[in-house]
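Structural overview for review
Residues per chain are reported as follows:
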Amino acid sequence: MYNIPHLDIPPLDHVSARVQLPGSKSISNRVLLLCALSSGKTQVHDLLDSDDTKVMLNALDQLGCVIERSSSSLHITGIGERKPNPSVLHEIFLGNAGTAMRPLCAALALSGVQAHLTGIARMYERPIQDLVDALKQIGADIEYLGNPGFPPLMIKPSAIHINGPIRVRGDVSSQFLTALLLALPLVSEHQAIEVEVDGVLISKPYVQITLNLLENFGVKVINHDWASFTIAKGSKYLAPKEIYVEADASSASYFIAASALSNGSEPLRIEGLGLNSIQGDIRFVQAAQSMGVRIDAGPNWLDIHPSRSNLQGIELDCNHIPDAAMTLCALALYAKGPTTLTNIASWRVKETDRIQAMVNECSKLGARVEFGEDWIRVFPIDPSNWKIASIHTYDDHRMAMCFALAAFNPDQVPVRIEDPRCVGKTFPQFFETLFSIAHASASHIPVICIDGPTASGKGTLANRVAQALGYAYLDSGALYRLSGLAATKAGIPLEISQEARIAQLIGQASIRFEGDLIWLNGEEVSEQIRTEQMGMNASQISSFKAVREALLDVQRNARQLPGLVADGRDMGSVIFPDSPLKIFLTADALTRAKRRHKQLISKGISANIDVLHSDLLARDERDMSRSQAPLKPSEDALLLDNTLMSIEESVNWVLEQWTKQTTLLKQQKG
Ligand code: DC
């Protein structure tokens, strides 16, 4: 997950191959609650691992469920008929997870539990009164601790009496009805229970998921044409032993759109989701098809063909796909005419006011947008008039994921997503997954080059800048160290007469970087290559032309989405001459010797500052005077002398230069 203030996505060209998406949020949280309410143990496969499921699992753990994890599944032993201790107050924090707050409120109110349900500030703006009113009809004791009608809530044990149909509003959020249907079997021992819906029920497909899952847990509910529902007398939750969570159809919408917007010719295969899905958002497939996207589908797969040139504007009532409908707005930016989405009032009470948020951010990209209380009309952006925008995401995962799709713009401008971490709500690995299947022209993938003399701290600086931007990091010095090690292991003397042999050896070597660890031909050598001797060896063979050439492609191939920070001698001059930001980092030799001394001592390696100092001066001299890639700043590099600066100050300085660079690009674009 990108835990950074903002993520700059370079212009993307196409996506390819196949993608496996995480489990559905709606199914995951319903399944978790049903497991908790059942007697017995259920093995849950493919559960979504996200903020919303984490808060649900924490809550269930607090309430006494036994949760055991194995590599690919969870085993949950439910509370079933175990009676809670009514005098224990459970403090339960539910973040901003509506799919946890609503059903837990209902289940706890009917269980004789004492609980204080809290969340983040936005949760306290999301209505819950319709559910609380319905529960109060049958004697539940629920108190608003903040604004009336909104969480936080205090729930106390109470006597439940059911003397007729329970009425609930269905026209604001279907989650109220879902919460009741999930929880009411708790009190259906002596009588059948009727739930009547006031107003026209919205988001019916989500209620259908609830009905399907209840059936999986042994509870049959009769649906009287969405106007009322009957839970049979004596209904009991039965743990199904094993249950599979299908891939999230709402999450799939971003990949369907990405492939539709692709410039490629190959379809993208989405696995784990198909036309027999029980999720309502699978009907995004039809919505996308009506815009002109070509989709082939099987029972548990979808093939999405690039369809950009066929995209048409549509007018669609989106009541049945409230979440995935946001993705249609992203497609609308590329269509031939305007797209109008109606019956989306529920957008106003989601993670943020999504109609307003969508209007604001589409406008920033250059789109004309019209809207009303429960509709939005998005006009396409002229292919040559896309604006570079910094997209505000309102702590709403869907805003971040939708607007990532702006990176496919034909104008080839980058897009900045603020607070990319918000995708954690339902899809923590969203950007990583997108970048794993997306392709961009190499010239669009930014590389920041950091060069400088040995022990100037360029490795640390480059690594930290890479982390701050969510970019990959290339430690090119490590490649020369590895090459020296490979030659030594093969018994080849590190002499110029042997350069062809060493180069050949490098060509055949298997080199793998993973975080801070480095493997050479299957052996982890991260520590081995860090000694002073290995540095000397690297310095020696790095002056061999054939060795430098052998490492050329290895380094260029490190360029990857969303960007790269590369440190080393010739990064800016030879490897990535098109780099938009080149830094030459230096510090006086004594300061560098002291830093190196500290580093070695901290690793338990004995060292002497004076010896290190004279070694560094000698190494500088050799590195500056050699014919191959001599140590000198490239002409367009910015000089940074960090003798008197801390690492943080140096990192911030580079980040400032990077922001200036991006601003410059923005000005050039106009
Ligand atoms: O940065 P370092 O100490 O790990 O680098 C080891 C040696 O390799 C150093 O003497 C410089 C050389 N080198 C190079 O010639 N070209 C690079 N791109 C990176 C390092």
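The coordinates are above.
Report follows, based on the coordinates. The model shown is predicted, which means the values in this text are computed figures rather than measured ones.

Here is what the cut-offs are and how they apply
- Residues numbered from 1 in each chain as written.
- Predicted model: local features only at pLDDT ≥ 70, side-chain atom pairs only at ≥ 80, totals over all residues.
- Heavy atoms only, no water.
- Pairing = 2+ DSSP bridges.
- Helix = DSSP H or I, 4+ residues; strand = E, 2+ residues; numbered from the N terminus.
- Axes fitted to C-alpha atoms, helices over the stretch in contact; angles between N-to-C directions.
- Salt bridge = Lys/Arg side-chain N within 4 Å of Asp/Glu carboxyl O.
- Buried < 20%, exposed > 50% of the residue type's maximum accessible area, 1.4 Å probe, protein only.
- Near = heavy atom within 4 Å.
- Polar contact = N/O pair within 3.5 Å; in protein donor to acceptor, adjacent residues only side chain to side chain.
- Areas by Shrake-Rupley, 256 points an atom, 1.4 Å probe, with all protein chains shown as cover.
- Contact = heavy atoms within 4.5 Å.

Spatial ordering of the open sheet is given by S27-S31-S26-S32-S33, a layout of five strands whose pairing is parallel. Of all strands in the sheet, those bounded by a partner on one side alone are strand S27 (472–475) and strand S33 (638–641). The average undirected angle you get between the axes of adjacent strands in this sheet is 20 degrees. Where strand S26 (residues 447–451) lies against strand S32 (residues 581–586), four bridges are found, and the strand directions are parallel.

Now for the pattern of salt bridges. Inspection of every chain in the model, using the stated rule, returns 37 salt bridges. The shortest N-O distance in the salt bridge between Asp 52 and Lys 425 comes to 2.6 Å. Taken together, the residues span a long stretch of sequence, with Asp 52 in helix H2 (residues 51–63) and Lys 425 in the loop between strand S24 (415–418) and helix H12 (430–437) at a distance of 373 residues. You can call Asp 52 buried: its relative accessible area is 2%. The class of Lys 425 is buried, set by a relative accessible area of 6%. A salt bridge links Asp 475 to Arg 530; its shortest N-O distance comes to 2.7 Å. Here Asp 475, found in strand S27, pairs with Arg 530, found in the loop between strand S30 (523–524) and helix H16 (532–541); they are 55 residues apart in sequence, far enough to count as distant. Since its relative accessible area comes to 28%, Arg 530 is described here as partly exposed. Each of Lys 25, Asp 52, Asp 323, Lys 350, Glu 351, Arg 354, Asp 396, Arg 398 and Lys 425 takes part in a single network of salt bridges with overlapping partners.

Taken together, 17 residues lie near the ligand, and Ser 476, Arg 481, Arg 548, Arg 569 and Arg 626 sit nearest. Side-chain polar atom of Lys 458 to an oxygen atom of the ligand: 3.4 Å apart, as the coordinates give it. With respect to the ligand, the side chain of Arg 548 contributes an N or O atom lying 2.9 Å from a nitrogen atom. Isolated, the ligand exposes 450 Å² of accessible area, and the fraction of that covered by the protein chains is 95%.

Further remarks concern the sheet that holds S24. Ordered in space as S1-S24-S23, the three strands form an open sheet in which the pairing is mixed. Since the sheet does not close on itself, it has two edges, and those belong to strand S1 (6–9) and strand S23 (390–391), each with one partner. As paired elements, S1 and S24 share four bridges and run antiparallel to each other. Note that in S24 the partner of Ile 9 across the bridge is Val 415. In the packing of helix H11 (residues 397–404) onto the sheet, the strands contacted are S1, S23 and S24, and the crossing angle to S24 comes to about 170 degrees.

In the sheet, strand S28 (residues 511–514) pairs with strand S29 (residues 517–520) via four bridges, with the strands oriented antiparallel. Within S29, the residue paired with Ile 511 across the bridge is Leu 520. Between S28 and S29, which follow one another and run antiparallel, lie two residues, and Gly 515 among them has a positive phi close to 60 degrees.

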